[in-house]
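Structural characterization, general
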Amino acid sequence: MDLGIKGKRALVCASSKGLGLGCAEALAAAGVGLVMNARGAEALEGEAARLRSEYSVDVQTVACDVTSPEGQARVIEAAQDVDILVTNAGGPPPGMWSDWERDDFIKALDANMLTPIAFMKALLPGMMGKGWGRVVNITSQSVRAPIPVLGLSNAARTGLTGYVAGTSRQVAPHGVTINNLLPGIHATDRADALDGGVSAQKGITIDQARAERAATIPTRRYGTPQEFGATCAFLCSQHAGFIVGQNILLDGGSTNLTM
Ligand code: NAD
C-alpha cells in the first residue's frame, strides 16, 4: 500500500533500537526523511547510515537524553519543520508501591509524560500551520490494564493518555492527528532484560524464561519491532486522517479485554 507520505519529514525519538527503530525504519521505507535520536551516538549513527543507504532518505541524528531540557532543545531545533512526530523514551524501573518517593514520580512523569508533551507543544504549531500532521506516542499496554510492578509507568503513561484525549480533539480541525500505540511484549533489548531478570530469579535459561512468557500470549510469540513500525507508519499515513485520539493495543491479544 502506498502510504502517501513520501517526501515528508519525521522526528522519531529514542530510535537507535527496539520499537523506536522499528517506527523509523517503516517511515523511511515509506520515503519519509528522518530526525533520529538516542542517548548513545554509536548505535544511532550506525542505524542512521543503514537507513540512508537502504531507503535513500535524508537522516539527521541528535545524540542526547531526550528527557533532559537540554536534549529536548537540541532535538526540537533539528526537527522544527517536521510533519510527523513519534515520541518515545525508556520506561521507568519496576518496584513496589511502597518503594517510590516523590522524586521517583517526578522522574517518571518527566520521562514518560512531560517529555512527549513538550515535543507536542513545540512541534504541533508547525504542523497546524501546514494543515497536516501526525503524532504517535509510544506508551504501553499498562494504560489499558495496569502492570502492578510498573506503578511509575502506569501513572505517568496514563497521565499522557488523558492529555492526548483532550488535545487530539483540539488539533484535529487543523488536519493534525494524535494517537497512542500501546505495546505489549515485543522482542527488544527491554524484553531481553526482563527475561534475564526472570532467568536469574528462577534459575532457568533466558530461552526458557522467554518460552514461559510467550506461552501467556494468545499468539504464543512476542511482537516484532517491524510489526510495530508498520502500524506506526500506517497511523502516520494519508489513510489514517480520521483516526483521532485512539489508543491502539499491539499485544498479541494478551490484555484480556472485550473492548
Ligand atoms: P529498547 O530498550 O529496546 O530501546 C530503547 C531505545 O530508546 C534505544 O534506542 C535507546 O537509546 C533509546 N532511549 C531510551 N531512553 C532514552 C532517552 N532518555 N533519550 C534518548 N533515547 C533513549 O526499548 P523498547 O523495547 O523499544 O521500548 C520502547 C518504549 O516502549 C519504552 O518506553 C518501553 O518501556 C515501552 N514498552 C516496551 C515494551 C516491550 O515489550 N518492548 C512493552 C511495553 C512498553
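These numbers come from a predicted model, not from an experiment.

Rules of the game
Within each chain, residue numbers correspond to sequence positions counted from 1 in written order. Local features in a predicted model are, by the rule used here, given only for residues with pLDDT of at least 70; side-chain atom pairs are given and counted only at 80 or more, and totals for whole chains, interfaces and linings are based on all residues. Excluded from the side-chain calculation are hydrogens and water; included are all heavy atoms of the structure. For two strands to be treated as a pair, DSSP must find at least two bridges joining them. Strands are runs of DSSP state E lasting at least 2 residues, helices are runs of H or I lasting at least 4, and numbering of each runs from the N terminus. Clockwise travel from the first strand over the helix to the second, with the strands pointing away from the viewer, marks a crossover as right-handed. In this document the domain limits rely on a domain assignment from an automatic tool or a database. The contact criterion used throughout is that any non-hydrogen atoms of two residues lie within 4.5 Å. Put simply, buried area is the surface a 1.4 Å probe can reach on two separate parts but cannot reach once they are joined, added for both. Put simply, a salt bridge is a Lys or Arg side-chain nitrogen that is within 4 Å of an Asp or Glu carboxyl oxygen. In the analysis that follows, any N or O atom pair within 3.5 Å is treated as a polar contact, provided that within protein one partner can donate a hydrogen and the other can accept it, and provided that, for residues neighboring in sequence, both atoms belong to side chains. Residues are counted as near a molecule or strand when any one of their heavy atoms sits within 4 Å of it. The protein chains shown are the only cover counted for residues, whose accessible areas, like all others here, come from Shrake-Rupley with a 1.4 Å probe. Each residue gets one label: Ala, Val, Leu, Ile, Met, Phe, Trp, Tyr, Cys and Pro are nonpolar, Asp, Glu, Lys and Arg are charged, and the others, such as Gly, are polar. Two aromatic rings from Phe, Tyr or Trp, using only the six-membered ring of Trp, form a pair when their centres are within 6.5 Å; if the ring planes differ by under 30 degrees the pair is stacked, by over 60 it is edge-to-face, and anything between is tilted. For each residue, the accessible area found with a 1.4 Å probe, counting protein chains only, is set against the maximum for its type, and the residue is called buried under 20%, exposed over 50%, and partly exposed in between. Whether a charge sits over a ring depends on NZ of Lys or CZ of Arg being within 6 Å of the ring centre and within 35 degrees of the ring normal.

On to the pairing of strand β3 (residues 59-63). Looking at chain direction, strand β2 (residues 33-38) and β3 are connected through five bridges and run parallel. Bridging from a neighbouring strand, L34 pairs with V59 of β3. Handedness of the crossover is the feature at issue here: the chain leaves β2, passes through helix α2 (residues 41-55), returns alongside β3, and the resulting connection is right-handed.

Looking now at the domain arrangement of the protein chain. Reports often express the size of an interface as the amount of accessible area lost when the parts come together. What the domain assignment lists for the protein chain is domain 1 (9-184 + 224-249) and domain 2 (185-222). Computed from C-alpha coordinates alone, the two centres of domain 1 and domain 2 are separated by 25 Å. Taken together, the contacts link 12 residues of domain 1 with eight residues of domain 2. Buried surface at the junction of domain 1 and domain 2, both sides included, amounts to about 750 Å², of which 50% is carbon and sulfur. If you sort the residues of domain 1 by the area they bury against domain 2, G184, T224 and E227 come out on top, with a joint share of 44%. Linking domain 1 to domain 2 there are two salt bridges. Among the ionic pairs, K17 bridges to D189, the shortest N-O distance being 3.5 Å. Where domain 1 meets domain 2, there are two residue pairs in polar contact (both at pLDDT 80 or more). Among the elements that take part in the side of domain 1 that touches domain 2, helix α8 (residues 225-235) stands out by supplying three residues, more than any other.

Near the ligand there are 27 residues, and of these S16, L19, A89, H186 and T188 occur at the shortest range. The contact in question runs from an oxygen atom of the ligand to an N or O atom on the backbone of A89, over 2.6 Å. For the ligand, a nitrogen atom lies 3.1 Å from a polar atom in the backbone of G90. For the ligand, whose free accessible area comes to 830 Å², the fraction covered by protein is 91%. Every element with two or more residues in the shell around the ligand is listed here: α1 (18-29), β2 and α6 (189-202). Class assignment of the residues belonging to the shell around the ligand gives a composition of nine nonpolar, 12 polar and six charged. Mapping the shell around the ligand onto the domain boundaries places at least three of its residues in each of domain 1 (9-184 + 224-249) and domain 2 (185-222).

This part covers the packing of aromatic side chains. Per the counting criterion, the structure on display carries one aromatic pair. Ring centres 6.2 Å apart and planes at 85 degrees place the aromatic pair W100 and F105 in the edge-to-face group. The exposure class of W100 is buried, given its relative accessible area of 14%. The exposure class assigned to F105 is partly exposed, which follows from its relative accessible area of 31%. The ring of W132 has K8 lying over it, and the distance from NZ or CZ to the ring centre is 4.2 Å.

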